Amino acid sequence: MRRGAHAACALLFPMEARLAYPPAQRNLSAQQFSHTPPSTIRLLPMAILMLAASLDVQAQAQDNSADRSLAPVTVRERAETAEGKDSVRATETTIGKGKQKLRDIPQSVTVVTERLIDDRNLDTVKEALKNTAGVTFLAAEGGEEDIRLRGFALQSTGDMFIDGMRDPAFYERDTFNLDRMEVLRGSASMLFGRGSTGGAVNQVSKAPRLIDAHQVDVTLGSHAYRRVTGDFNLHTGENAALRINTMATEAKNNGAGSSLDKNGIAGTYAWGIGTRDEFSLGLYHLNNNNGMNYGLPWIRRTASSSAADTTMLPLDPTAYYGMKSDYNDGSASMATLAHVHRFDGSAELKTQLRAGKFERDQRAGAIRLAAAELQPGGVAANLGNFGPNTVLRRGANLKIQDMDTVHLQSDFSNKFEALGVRHELLTGADFAHEKKQVYGARSAAQGGAVPNKPTTTVGSPNDGAWADESSRVLRTTSDFDAKGWGMYAQDLVQVAPDWKLLGGLRYDSMDGSYNTYAIPNTAAGPVTTTAYRQKISEWSKRLGVLYQPSPLQSYHFSYGTSFNTSGDTYSYSAATVNTPPESSRNIEIGAKIDSADKRFTTRLAVFHSTKLHERNTDPELNIAVLSGKRHAAGAEIDFSGLLTSKWEVYGSYMWMPSAKIDIGAEGAEGQGTRPSLTPRHSGTVWTTYQITPQLRVGGGLNFRSSQTPNRNPGWSAPGYVTGDLMAEYTINERYSLKANLTNVTNKLYADALYTGHYIPGAGRLFQLTATMKF
């Protein structure tokens, strides 16, 4: 980070080091991390350091535990871990506010296991999400790339979670500390509060286990790609363990025009594992110092083409036309304290407290076709005259902001008999305090400096042009401060041998304030402050019916509601501050069916999601009113598991034939049209086959049909299919090699869409990973 990251590293890494190493081994000082600029950390020395430290710690742990007997909980830990690490199939989830069997959740859930993440080299949460159907990406204004699920906003409404707690900030999430990723589809405000119209994504962190097990992965690949990850689990006591995960990644190009330079460390120490009172303390820090391909412009096919007749530029996706001085820095730092109390019987109370600090400093620019007078011959650029001499201009798109969060939640679960029926009760409460501060750059007339960004040509990618971004003078442009709390209760009742009924209710209250700080266009002051405040409260409901005629079959019907406040995007305006929350509902009928040997699972569902009261701007009053309505309806199928003892498959597919803006307003996407980012077909399939005890091969496809960029009338980006291949050779129990080839055909496609530009998907990439376990 160029702004504030070193302080965060100095704060977190020494604490991690003290947890990771006993006093005798602290000569591997954490100061080496905190005082070394992230951009100078080299991957190979880091791998050697991690390996040496871990071997020393392992030797001491083995000496201390020579006469230690294994408690029964150790066996349970190994059994549970084997499913996610060694299989693409999952049978349990924690996305429902506690560990539940997937068959007992009357709603669609897709689980991306650690096995699938490793097989396909899914280094980021975005890449992992591409392995679930119905997910699309908005290349939003300001570079805040949003995630859409069933066409509804996901990330911009704060519907990302880590271990069941909200993870609201915008940053490039990495998978180095993920055990799995869970996607709950459809309205879920009863569980999580505001947002959750399209669904919710829960990132499940790697947890300490009562074993000594360590793994180091080193990956080399195209465009000087280098990545080292370490996963070290130390059994430190009879019921205590420490787990540390580390990562460093560098690449000149990610295959889509952006350089990579990031590193992270996460550590969790847990004690009382499996006992009546279990505690854990976790620390997490991620540094992103990446480049940024902000986006390339759509181009008209001919000189007479309308805005609806545009397409992508015929360019290699690795081509970069931004400034060499552009960057996309960010950091995420979190500390989490958790406690689980197990009562007699099956009752359990889990409490978590997390404090987070997030920083973002983006200096980049959208690429646009220069005006006609700057083009060869003075003619506007179109696909017919597009060539090496076509002139491109570079924008100045800054996004500089800090965010601080505190989340506290407590969840109680119990299974009991009452009134002659079996109950599974889940109830809890949560509190959130979120603060965000946004900065802008002063213009020259306001006492600042505006670095010059020269034009470039299509034939001159990576031209090395530089602007002094440090010369910009920043000021605070806005801040947001909100406190919210909620409480909920849900009961799953066994009303008959094969039937269960689910009912849940949640109440939320939120108090948010937002201030903007304006200055004149031609002077440094005075500052004009405009303050907004909104208080809202809302109820959310969840109903479901489960029919389970056998241990292999579960059929469900569900109805759920959700709401979105004006403050979901951490800002208000005169038009929105007095607008009530939007409301949505989801109706779903589905099934989960296991094979007779319980090694293969199929999930099917049909759904109808409706945003009943969508914000639209009244053109006469210039205020937001809840006059809009849209819906999305379709069918989904997920399948995962073993077809034979050697053949494993995973797939996720969504067909969404019906999606429509039923009621629109001026300035919105057109009434009667299909909403943006709602492809009719989307999904992925992955399969592997164990040819010999040592050799395993795999392959898969990712696909999306055509979809419309937001506010781009009448035009759709073409659909695409990309193919991936994998081969893994296990030398012995300790060593293995794996080769991945992604986007085998080097398919050109638009990965994230916006009105005036798109971000291309990564081209063909080759990566080779060496794994060592000890």
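Here's what I pulled together on the structure shown here. For every chain, the first residue of the written sequence is number 1, and numbering continues from 1 along that sequence. This being a predicted model, a pLDDT of at least 70 is required before a residue's local features are given, and a value of 80 or more before pairs of side-chain atoms are given or counted; all residues contribute to the totals for chains, interfaces and linings. Here the side-chain values reflect all heavy atoms present in the structure, with hydrogen atoms and water set aside.

1. Some thoughts on the overall build of the protein
Okay, step 1: Within the protein, the secondary structure is distributed over 7 helices and 40 strands.
Okay, step 2: The buried share of the protein, reckoned over its 774 residues, is 56%.
Okay, step 3: In what follows, a contact means two residues having at least one pair of non-hydrogen atoms within 4.5 Å. Here the analysis covers contacts within the protein between residues at least 6 apart in sequence; of these, 68% occur between residues at least 24 apart.
Okay, step 4: All accessibility values rest on the Shrake-Rupley procedure with a 1.4 Å probe; residue burial counts only the protein chains present in the view. Of the accessible surface of the protein, which amounts to about 30800 Å², a share of 57% is contributed by carbon and sulfur atoms. Secondary structure elements follow DSSP: runs of H or I no shorter than four residues count as helices, runs of E no shorter than two count as strands, and numbering proceeds from the N terminus. When a residue's accessible area, from a 1.4 Å probe over protein chains only, is under 20% of the maximum for its type it is buried; when over 50% it is exposed; and in between it is partly exposed.

2. What about the side chain of Arg506?
Okay, step 1: You can see Arg506 is positioned in strand β27 (residues 499-518).
Okay, step 2: Under the relative-accessibility criterion, Arg506 is labelled buried at 1%.
Okay, step 3: Whenever two N or O atoms come within 3.5 Å, that pair is a polar contact, provided that in protein one can donate a hydrogen and the other can accept it, and provided that, for residues adjacent in sequence, both atoms are side-chain atoms. A polar side-chain atom of Arg506 sits 3.4 Å from the main-chain carbonyl oxygen of Leu191.

3. Some thoughts on the sheet that holds strand β3 (residues 109-113)
Okay, step 1: Read from one edge to the other, the open sheet built from 5 strands follows the order β3-β9-β10-β7-β8, with strand pairing classed as mixed. Among the strands making up the open sheet, the edge pair consists of β3 and β8 (165-166).
Okay, step 2: Where strand β9 (residues 178-185) meets strand β10 (residues 199-205), 7 bridges bridge the pair, whose relative direction is antiparallel. Residue Leu178 lies in a different strand from β10, and its bridge partner there is Ser205. For two strands to be treated as a pair, DSSP must find no fewer than two bridges joining them.

4. Some words on unusual backbone geometry
Okay, step 1: Looking along the chain, the bond that leaves Gly525 and enters Pro526 is cis, with omega of 5 degrees.
Okay, step 2: Relative to the helices and strands, Pro526 resides in the loop between β27 and β28 (528-550).
Okay, step 3: In this structure, His223 takes a positive phi of about 60 degrees despite not being glycine.
Okay, step 4: Topologically, His223 is positioned in the loop between β11 (213-221) and β12 (225-237).

5. Things to note about the side chain of Asp231
Okay, step 1: One can find Asp231 in strand β12.
Okay, step 2: Overall, Asp231 belongs to the buried group, its relative accessible area being 12%.
Okay, step 3: A distance of 2.7 Å separates a polar atom in the side chain of Asp231 from a polar atom in the side chain of Arg243.
Okay, step 4: Sequence-distant contacts of Asp231, defined by excluding residues within four places in its chain, comprise Lys206, Ala213, His214, Gln215, Arg243, Ile244 and Asn245.

6. Some details on the packing of aromatic side chains
Okay, step 1: Within 6.5 Å between ring centres, the rings of Phe, Tyr and Trp (the latter by its six-membered ring) count as paired, and their orientation is classed by plane angle as stacked under 30 degrees, edge-to-face over 60, tilted in between. Following the criterion strictly, the structure yields 19 aromatic pairs and no others.
Okay, step 2: Centroid distance Phe161 to Phe192: 4.3 Å. Interplanar angle 35 degrees. Geometry classified as tilted. Of the two residues, Phe161 is situated in strand β7 (residues 160-162) and Phe192 in helix α7 (residues 189-192); the sequence distance between them amounts to 31 residues. Each member of the pair, Phe161 together with Phe192, is buried.
Okay, step 3: Look at Tyr171 and Phe358: their rings are 5.6 Å apart centre to centre, the planes differ by 25 degrees, and that puts the pair in the stacked class. Of this pair, Tyr171 sits in the loop between β8 and β9 while Phe358 sits in strand β20 (residues 348-364), placing them 187 residues apart in sequence.

7. Some details on the environment of Gly274
Okay, step 1: Note on placement: Gly274 falls in the loop between β14 (260-271) and β15 (277-290).
Okay, step 2: With relative accessibility at 36%, the residue Gly274 sits in the partly exposed group.

8. Let's talk about empty space enclosed by the protein
Okay, step 1: Computed over the protein atoms alone on a 1 Å grid, cavities are sets of points where a 1.4 Å probe fits but cannot get out and pockets are open sets with protein on both sides within 12 Å along at least five of seven lines; a residue lines them when it has an atom within 4 Å of a point. Grid points are joined across faces, edges and corners, and a volume is the space filled by probe spheres set on the points. Under the definition given, this model contains 8 cavities of 30 Å³ or more.
Okay, step 2: Volume-wise, the second largest cavity comes out at about 310 Å³.
Okay, step 3: Around the second largest cavity, the lining is made up of 28 residues, and of these Arg166, Phe192, Arg194, Asp430 and Ala432 lie nearest the centre.
Okay, step 4: Mapped onto the lining of the second largest cavity, the elements with two or more residues apiece are β8, α7, β23 (397-418), β24 (421-441), β26 (474-496) and β27.

9. Thoughts on the environment of Ser627
Okay, step 1: By the element assignment, Ser627 lies in strand β32 (residues 623-642).
Okay, step 2: As a C-alpha pair, Ser627 and Arg615 span 12 residues in sequence and 6.5 Å in three-dimensional space.

10. Remarks on the sheet that holds strand β25 (residues 456-457)
Okay, step 1: Judged by pairing direction, the sheet is antiparallel, and its 3 strands sit side by side in the order β21-β22-β25 without closing on themselves. Edge strands, defined here as strands with exactly one partner in the open sheet, are β21 (367-369) and β25.
Okay, step 2: Examined bridge by bridge, β21 and strand β22 (residues 391-394) share 3 bridges and lie antiparallel to one another. If you follow Leu369 over to β22, its bridge partner there is Leu392.

11. Some words on the pairing of strand β13 (residues 240-251)
Okay, step 1: Within β13, 12 of the 12 residues are buried, which leaves the element mostly enclosed by the surrounding structure.
Okay, step 2: Taking every second residue as pointing to the same face, both faces of β13 are buried, with Ala240, Leu242, Ile244, Thr246, Ala248 and Glu250 on one and Ala241, Arg243, Asn245, Met247, Thr249 and Ala251 on the other.
Okay, step 3: Both β12 and β13 contribute to a ladder of 11 bridges, which runs antiparallel. Of the residues in β13, the one forming a bridge with Thr229 is Met247.
Okay, step 4: In this structure, the hairpin formed by β12 and β13 is closed by a connection of 2 residues.
Okay, step 5: Where β13 meets β14, 12 bridges bridge the pair, whose relative direction is antiparallel.

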